[in-house]
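# Survey of secondary and tertiary structure
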Number of protein chains: 2
Amino acid sequence: MRCIIASTSTIYGSDYLEYLFPEINRFFNQPKEILFIPYARPGGISHDAYTAKVQKAFQSTNAIVRGIHEYSSPKEAIQKAKFIFTGGGNTFLLVKTLHELGLFNVLKKAITSGTSYLGTSAGSNICGVNMKTTNDMPIVYPPSFECLNILNFNINPHYLDPQANSTHKGETRETRIKEFLQQNKIPVVGLREGSWIEINGKEISLRGELTARIFKTDGEIFEAQPNYTFNF
Amino acid sequence: MRCIIASTSTIYGSDYLEYLFPEINRFFNQPKEILFIPYARPGGISHDAYTAKVQKAFQSTNAIVRGIHEYSSPKEAIQKAKFIFTGGGNTFLLVKTLHELGLFNVLKKAITSGTSYLGTSAGSNICGVNMKTTNDMPIVYPPSFECLNILNFNINPHYLDPQANSTHKGETRETRIKEFLQQNKIPVVGLREGSWIEINGKEISLRGELTARIFKTDGEIFEAQPNYTFNF
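All figures in this text were calculated on a predicted structure; none of them were measured in a lab. (Residues numbered from 1 in each chain as written. Chains lettered and ligands numbered in written order. Predicted model: local features only at pLDDT ≥ 70, side-chain atom pairs only at ≥ 80, totals over all residues. Heavy atoms only, no water.)

### Let's talk about unusual backbone geometry
Of note, the phi angle at A:Asn62 is positive, near 60°, even though the residue is not glycine. Secondary-structure assignment places A:Asn62 in the loop between α2 (47–57) and β3 (64–67). With a phi angle near 55°, B:Asn29 is a residue other than glycine that sits in the positive phi range. With respect to the element layout, B:Asn29 can be found in the loop between α1 (21–27) and β2 (33–37). We classify B:Asn29 as exposed; its relative accessible area is 65%. (Helix = DSSP H or I, 4+ residues; strand = E, 2+ residues; numbered from the N terminus. Buried < 20%, exposed > 50% of the residue type's maximum accessible area, 1.4 Å probe, protein only.)

Written as structure tokens, this is what we have:
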């Protein structure tokens, strides 16, 4: 497998995907043709508008971007693709659409057979066992929460540390993940903005300059250093 | 109907339910026996521990609190109750349990027949049309997102305004609610901590000292003043 699974598409003060481009071009050897999956529709934008945004971002590398919605057979599009990118937005919308179109199995088969995969945010959530650690609002009801299970753990993208001086009484991210662990025996990686998980063959590593917060099923919680290798 | 539907159980710098007690005692005429629904399990605590917490809070008013899990027939417990309180926690867990036990219909019938109802956070979310505007993490998969529909709109509890100086790239609450409205024709009331909705007979009003943020299905967004009457 050859994947970059990123917490966010965009970091503060920088353009869409900008911080990731050096790594995308190095790790994937400058992809030339990209199949884009726009189903998560951030802010509710259309598949066309989202695909155009990605096309514009990849102009600097001369890559051609086509949205999966442009194909009569999305399954075939996935089977034939050399590089697949799933963008962020609403994870419920993304997972519902992928289940309804029957694309989870074909996507998993493509990735495990060697098709390069880039995911950001919602597009990263789906690489886990299920989508039960998303931060998104459940604006639609998917037929299942099960996901690709390419990682044998879940990620929580846009991971946020508790704010020391907050007066807000809603749950912190850590509290939410601990509630998840009471109901599920699946480790969770809290991935901060600017971090990504790299799958290179069988090796799964933490990349970027930040630590990640790991929640194990036995209750242990720790900070993994950059380049940490995941072995759950 | 006679309901208090609160954004939060607890406001900053104050004990559990403390800010609401004057209103609970006035509006419900000091309830004496309370049926408590602990299924949302905040922080994953047990039904017993959660019920004990509520019992302790109501000690000052000499009310007797019993958890619905203590009854052999939760349906009958709801039918016989004079006052029902559903506490906060995880909305997915609450809604899953209520659906699995078949309690939504009986709870709706009780409330619309005049049983007093107090809800906080997740216990307030379930008064809306569905749970698609919860902030909670989808740690379990409910058989349906449909809810009590006692309100003909949804609420978003613990409503948070966008932070002016935030460097975080996750979606703001307003962005999430706008995404909901692209998929659902249901108005949303962003209810800030310290606010509650009062149902008194057929009148539905905003209570507390804060404004609430209203998201209408036609795209209009406005701030409703305290004592605003909801007429969607």
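What follows continues from the structure just given.
### Things to note about the interface of chain A and chain B
If you look at the interface, chain A gives 46 residues, while chain B gives 46 residues. At the surface where chain A touches chain B, the tally comes to 15 residue pairs in polar contact (both at pLDDT 80 or more). Top element by residues in the side of chain A that touches chain B is helix α7 (residues 173–183) of chain A. It accounts for 7 residues. Of the residues contributing to the side of chain A that touches chain B, the split by class is 17 nonpolar, 20 polar and 9 charged. (Contact = heavy atoms within 4.5 Å. Polar contact = N/O pair within 3.5 Å; in protein donor to acceptor, adjacent residues only side chain to side chain. Nonpolar A, V, L, I, M, F, W, Y, C, P; charged D, E, K, R; others polar.)

### A few points about the nonpolar core
One finds A:Ile126, A:Ile197, B:Ile126 and B:Ile197 to be the most contacted residues of the largest nonpolar core, which totals 111 residues. Setting aside anything within four residues of it in sequence, one finds A:Ile197 in contact with A:Cys3, A:Ile4, A:Ile5, A:Leu151, A:Phe153, A:Ile155, A:Val189, A:Leu191, A:Ile204, A:Ser205 and A:Phe230. (Core = buried A, V, L, I, M, F, W, Y, C linked by side-chain atoms within 4.5 Å.)

### Focus: the pairing of strand β8 (residues 196–200) of chain B
All names here are of chain B. Taking burial as the measure, the 5 residues of β8 include 4 buried ones, the bulk of the element. Bridge analysis of strand β1 (residues 2–6) against β8 gives 5 bridges, and the strand direction is antiparallel. The residue of β8 that forms the bridge with Ile-4 is Glu-198. Here 5 bridges tie β8 to strand β9 (residues 203–207), and the two strands are oriented antiparallel to one another. Its bridge partner being in β9, Ile-197 is matched across the sheet by Leu-206. (Pairing = 2+ DSSP bridges.)

### A few points about helix α2 (residues 47–57) of chain B
Residues and elements named next belong to chain B. Residues Tyr-50, Thr-51, Val-54 and Ala-57 constitute the buried set of α2. End-on, the buried residues of α2 take up no more than an arc of 120°, which puts them together on one face. For α2, the exposed residues set more than 90 degrees away from the buried face come down to Asp-48 and Lys-56. Where α2 is buried, its residues contact α1, β2, β3 (64–67) and β4 (83–86). (Arc of directions from axis to C-beta.)

### Thoughts on the pairing of strand β10 (residues 212–215) of chain B
Residues and elements named next belong to chain B. Side-chain alternation along β10 places Ala-212 and Ile-214 on one buried face and Arg-213 and Phe-215 on a second face that is also buried. As judged from the 3 bridges shared by strand β7 (residues 188–190) and β10, these two strands associate in the antiparallel manner. Bridged to Val-188 within β10 is Phe-215. When β10 meets strand β11 (residues 221–224), the two strands line up antiparallel, connected through 4 bridges. Considered in β11, the bridge of Ile-214 is made with Phe-222. Connecting β10 to the next strand, β11, in antiparallel fashion are 5 residues, including Gly-219 with a positive phi near 100°.

### Remarks on the packing of aromatic side chains
In total, this model carries 34 aromatic pairs over all chains according to the counting rule given. Seen in terms of ring centroids, B:Phe58 and B:Phe85 are 6.4 Å apart; in terms of plane orientation they differ by 65°. Their pairing is edge-to-face. Linking B:Phe58 in the loop between α2 and β3 with B:Phe85 in strand β4, this pair joins segments that are 27 residues apart in sequence. Each member of the pair B:Phe58 and B:Phe85 is classed as buried. The cationic tip of A:Lys53 hangs over the ring face of A:Tyr16; the distance from NZ or CZ to the ring centre is 4.4 Å. (Phe/Tyr/Trp six-rings, centres within 6.5 Å; stacked < 30°, edge-to-face > 60°. Lys NZ or Arg CZ within 6 Å of the ring centre and 35° of its normal.)

### Quick look at the sheet that holds β11(B)
All names here are of chain B. Strands sit in the order β6-β7-β10-β11 across an open sheet of 4 strands; the sheet is mixed. On the outer flanks of this sheet lie β6 (154–156) and β11, each paired with one strand and no other. Neighbour-to-neighbour, the strand axes of the sheet open up by a mean angle of 25°, direction not taken into account. Packed on one face of the sheet, helix α7 (residues 173–183) meets β6, β7, β10 and β11 and runs near 30° to β10. (Axes fitted to C-alpha atoms, helices over the stretch in contact; angles between N-to-C directions.)

### Focus on the sheet that holds strand β1 (residues 2–6) of chain A
Residue and element names in this part refer to chain A. Spatial ordering of the open sheet is given by β3-β2-β4-β5-β1-β8-β9, a layout of 7 strands whose pairing is mixed. Looking at the sheet topology across the chains shown, the edges are occupied by β3 and β9 (203–207). The sheet shows a mean angle of 20° between the axes of neighbouring strands, taken without regard to direction. Examined bridge by bridge, strand β2 (residues 33–37) and β3 share 4 bridges and lie parallel to one another. Bridge pairing in β3 places Leu-35 opposite Arg-66.

### Focus: the confidence of the model for chain A
Averaged over all residues, the pLDDT of chain A is 96; the fraction at 70 or higher stands at 100%. If you check the scores for this complex, the pTM reads 0.95 and the ipTM reads 0.93. (pLDDT = per-residue confidence, 0-100.)

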